[in-house]
Amino acid sequence: MKPRYLLACTAAELAAMDAEALVRTLRRRARQLYQARVTEQEEESWRASPKTVADVLVKAGLGEVMVLLEMSTLSSDARIDMLLVGSHPDAGELSVVAVENKQWSEAAVNPRTGRIVHRGATRDGSQHPVEQVWDYCRALDRNLPMLNGRFHGVVNLHNAETERIAGILPPAFKLRGEVRRVHMFGGDEAARDQFATFLSQVLMAENAATHVRDIDRAHARPSEELMLAVDQAVRRRSVFPLLDEQRETVDRVFRAVEEKFSEDNKQVFIISGGPGTGKTVLALELLGMLSRAGSAAVHASGSVAFAEALRRHVTGRRGEVEEVFTFFHQHRRRERNRLNVLICDEAHRLRKDSNLRFAPAESRSDVPQVHELINAARVPVFLLDPQQVVRRDEVGTPEVIWQAALDLGISEDRIHQITLGRQFRHSLCPDYVDWLEDLLGYGPAPRPWTHQGQFQLLLADSPQQMENYLRIQIALKNSARITAGYCWDWTKDYLPGGRLANDIAIDGWERPWNANTPNRRRNIPSRKTWATDQAGFEQVGCIYTAQNFDWDYTGVIMGYDYTWDGHRWIAKNNKDTGTHGTARAYTVRNIYRVLATRGKRGVVLYSTDAATKNLLADLKVPPLAPVLDNLRQQHPEISVAIPTRLRLHPVQESMF
């Protein structure tokens, strides 16, 4: 199994290691394991900080405790500086301590923002490091069940005298109530003695190496499917650990909500992030936290499939749930500032106005939809990816929202723009989205695929080969879907007998688009449930049913609407009238960016165009055929009959 950290050694070995040799080793391993770009700041941290922790361990007689450097949280590309692994002195069971190293020499609290001010901090300051470590601990515990809550955290401020950080130490600094078992230690002698005493209370070296082997071999819990966790997040408890910038964003919104409110101090948040940066998780966790705090908060979306999926997965009276998960157009007549917070998820889908297609003339309005949403709440929050605009009538961009806020009289200092960069969906390969954008024409030029890690990008010879591979993944209890560009006609109505027309036909392979309405007798889901219903795999999804969702593996069929001519991309033959117009090339490119970023563990590409297939092969995208053959050899109990559907064992039949 691929290591989950850069280096494992005993504390005594780390203490004796040359600092420059340590930096060289970690830099090489980071490139090999994470394909990560190492910054000078990271190297300086490696050079200065880990050995200060090792020295304390040795001083405490814990030289044989194991130290894992740059441990993955297993849920994003975030890494824990150090994970100390041993046994608990009382119970003898596994015990770990997560360490966050900070080279601050002093730190204080910004009384206006509640954030931490230190040398090198941004203008707004930093998240409190204790809360940062606590979130890392929760994420690791959630994804590594063997921990079972047996963890502690430490912030190592080895360059700071205790008196210079007194203002950020509890109880002077009030931490979130849920934060516990995390301690801070400065660099003075008394603080290092306290650090050593604490470590002796929660760690001993016995079985440390065995515990590390167990961590290496442990099966990481797959991320809970978003829809299965919605109910808990919104109605019951916090289930999504928020890391770094996510936590900072939530805290900033909370501070805005807690401010004394008047008509002239409305605050607007514009939160941008690419695919997989946790926008929807942030939105749902924020909604849940506000709801539990008794604050009037509502979620809004421009996607019918997404909003309906959220409604289905939250318990409660139907009307009550529908009041929480709404559509953008439903807020056009909302009383001004009726809500404390309106969370506009997928705000790139904002429309010019909220007029429904067949609304009578007397009920239509020229008021921009974004104005209606800003007016509806004290603190409107917009989460968006500007490069997911896929229709010409979608106008959601940071610039449009910013200008709308100014037009409504909101001052610039109360409009907050935040960019999310941490990768969650593609934590196995954080560079994938950048590579894909270069491929599709956002960057200077397509570049070769060089990733050697666990994330699988594969090139299929045919749609049938793609389907066979994904069916095996489903049999192995992974989620999967096939999606395609909208470049085939779409028969909206059922054929006689309740069948769907096989509109997508490629070299003898035929499949229908996802259905508009369900046919329960034939186990065909509607477009509203295609993404989350197991039977959805039997149809091909489009941009409108795939956007907002993800699966373990996804297959993407690139049709003749986006092809490579040897020098550039050509956009044509798209069947969706919503993408026609001067921006068609841009929106078609965005469509494939969305479709090809739905797979968390792997993506299979297939193009109907020979030149495009040659491009992908020339870029060293691995062929699917040998991977499929190897998968069949590893799992002989699973057989695929071509072209019939996968034959499953009886225990798995319920999946369909």
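Below you will find a few notes about this structure.

**Points about the side chain of D438**
Positionally, D438 belongs in helix α15 (residues 432-440). Among the residues examined, D438 registers a relative accessible area of 15% and is labelled buried. In this structure D438 touches G443, P444, A445, P446 and R447, once residues within four positions along its chain are discounted.

**What to know about the environment of S45**
Here S45 shows up in helix α3 (residues 40-48). Classification of S45 as buried rests on a relative accessible area of 18%. The sequence separation of S45 and N101 amounts to 56 residues, and the corresponding C-alpha distance is 7.7 Å. In this structure S45 touches P50 and Q103, once residues within four positions along its chain are discounted.

**Thoughts on the layout of surface pockets**
The calculated volume of the second largest pocket comes to roughly 1,100 Å³. Lining the second largest pocket are 34 residues; nearest its centre among them are G302, V304, R349, R351 and R391. Elements represented by at least two residues in the lining of the second largest pocket include exactly α11 (304-312) and α17 (543-546). When its residues are assigned to classes, the lining of the second largest pocket shows 10 nonpolar, 11 polar and 13 charged.

**Overview of the sheet that holds strand β9 (residues 268-273)**
Spatial strand order, β11-β10-β12-β13-β9-β14: 6 strands in an open sheet with parallel pairing. Two strands close off the open sheet at either side, each with one partner strand: β11 (325-327) and β14 (415-420). Pairwise comparison of adjacent strand axes, ignoring direction, gives a mean angle of 20° for this sheet. As defined by bridge partners, strand β10 (residues 297-301) adjoins β11 across 3 bridges and the pair is classed as parallel. Across the sheet, residue S301 finds its bridge partner in β11, namely F327. Against the sheet, helix α10 (residues 279-292) contacts β9, β10, β11, β12 (339-344), β13 (377-384) and β14, and its axis sits at roughly 155° relative to β10. Packed on one face of the sheet, helix α14 (residues 398-407) meets β9, β13 and β14 and runs near 175° to β9.

**A look at the sheet that holds strand β8 (residues 182-185)**
Pairing between the strands of a sheet is mediated by backbone hydrogen bonds and can be parallel or antiparallel. If you walk across this open sheet you meet the 6 strands as β1-β2-β3-β4-β7-β8, and the pairing is mixed. With one partner strand each, in any of the chains shown, β1 (7-10) and β8 form the two edges of the open sheet. Recorded for the sheet is a direction-independent mean angle of 25° between the axes of neighbouring strands. Inspection of the sheet shows strand β7 (residues 151-156) paired to β8 by 4 bridges, in the parallel sense. Residue G153 lies in a different strand from β8, and its bridge partner there is V182. The sheet contacts of helix α5 (residues 129-143) involve β2 (66-72), β3 (79-87), β4 (94-101), β7 and β8, and relative to β7 the element is tilted by about 150°.

Conventions used here
Counting restarts for each chain: residues are numbered from 1 in the order of the written sequence. Owing to the predicted nature of the model, reporting of local features is limited to residues with pLDDT of at least 70; listing and counting of side-chain atom pairs is limited to 80 or more, with chain, interface and lining totals taken over all residues. No hydrogens and no water enter the side-chain calculation; it runs on all heavy atoms of the structure. Put simply, DSSP H or I for four residues or longer makes a helix, DSSP E for two residues or longer makes a strand, and each gets a number counted from the N terminus. For the exposure calls, accessible area comes from a 1.4 Å probe over protein chains only, and a residue counts as buried if that area is under 20% of its type's maximum, exposed if over 50%, partly exposed in between. The criterion used for residue contact is that any of the two residues' heavy atoms lie within 4.5 Å. Both site types are read off a 1 Å grid over the protein atoms alone. A 1.4 Å probe that fits but cannot get out defines a cavity, while an open set with protein on both sides within 12 Å along at least five of seven lines defines a pocket; lining residues have an atom within 4 Å of a point. Grid points are joined across faces, edges and corners, and a volume is the space filled by probe spheres set on the points. Throughout this entry, Asp, Glu, Lys and Arg are counted as charged residues, while Ala, Val, Leu, Ile, Met, Phe, Trp, Tyr, Cys and Pro are counted as nonpolar. The remaining residues, Gly among them, count as polar. Two strands pair under a simple rule: DSSP has to find at least two bridges between them. Only C-alpha atoms enter the line fits that serve as axes; for helices the fit covers just the stretch in contact. Angles between N-to-C directions range over 0 to 180 degrees.

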